[in-house]
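Coordinates in review
Chain by chain, the residues:
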Amino acid sequence: MARTHFVPARDSRHHAAVVALYRALTRTAKKITLPDHVGVVSARSCPIQSILRRRFEKNAKDTSPRLVFAALTAGYKFLSFFNKSQDVNSAEHQQISRSLRKNTSLEKLQNMFQAHILDR
């Protein structure tokens, strides 16, 4: 039997896993208390959620198993990072707050998250 090429967009299990990861990340990001002086992107969204949405949209067209695996691994690492950053006294929360305070650009916050993943 010939092996077929894996296409994530056509795999229902992959789609369900990605949607579950996205929902878990957004739920966890909502629970992170941000300082009042940190700008809010819109009335219904926080800066972290807008970054998540853009990153998921950017990776939606990836079909390479290597890229898909790397993106999902990064997502699960961020889920644990966000869980740790819910505690106001944690180093992760301070890292997010410091980055949002110092950089008004959301793109710079994305770069900080990427650097955090690469450090581990």
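Residues numbered from 1 in each chain as written. Predicted model: local features only at pLDDT ≥ 70, side-chain atom pairs only at ≥ 80, totals over all residues. Heavy atoms only, no water.

**Thoughts on the side chain of Gln49**
- Among the structural elements, Gln49 can be located in helix H2 (residues 47-59).
- Within polar-contact distance, the side chain of Gln49 engages the backbone oxygen of Thr26 at 3.4 Å. (Helix = DSSP H or I, 4+ residues; strand = E, 2+ residues; numbered from the N terminus. Polar contact = N/O pair within 3.5 Å; in protein donor to acceptor, adjacent residues only side chain to side chain.)

**Digging into the side chain of Thr26**
- Here Thr26 lies in helix H1 (residues 12-30).
- When near neighbours in sequence (up to four residues on either side) are disregarded, Thr26 contacts Gln49 and Leu52. (Contact = heavy atoms within 4.5 Å.)

**Overview of the packing of aromatic side chains**
- Scanning the model with the defined rule gives four aromatic pairs in all.
- Geometrically, the ring pair formed by Phe78 and Phe81 is edge-to-face, given 6.0 Å between the ring centres and 85° between the ring planes. One end of the pair, Phe78, and the other, Phe81, are both in helix H3 (residues 65-85), three residues apart, so they sit about a helical turn from each other.
- Residue Phe78 is classed as buried on the basis of its relative accessible area of 10%.
- When the centroid spacing of 5.9 Å and the interplanar angle of 45° are considered together, the rings of Phe78 and Phe82 count as tilted. Residue Phe78 and its partner Phe82 are both found in helix H3; the two are separated by four residues, about one turn of the helix. (Phe/Tyr/Trp six-rings, centres within 6.5 Å; stacked < 30°, edge-to-face > 60°. Buried < 20%, exposed > 50% of the residue type's maximum accessible area, 1.4 Å probe, protein only.)

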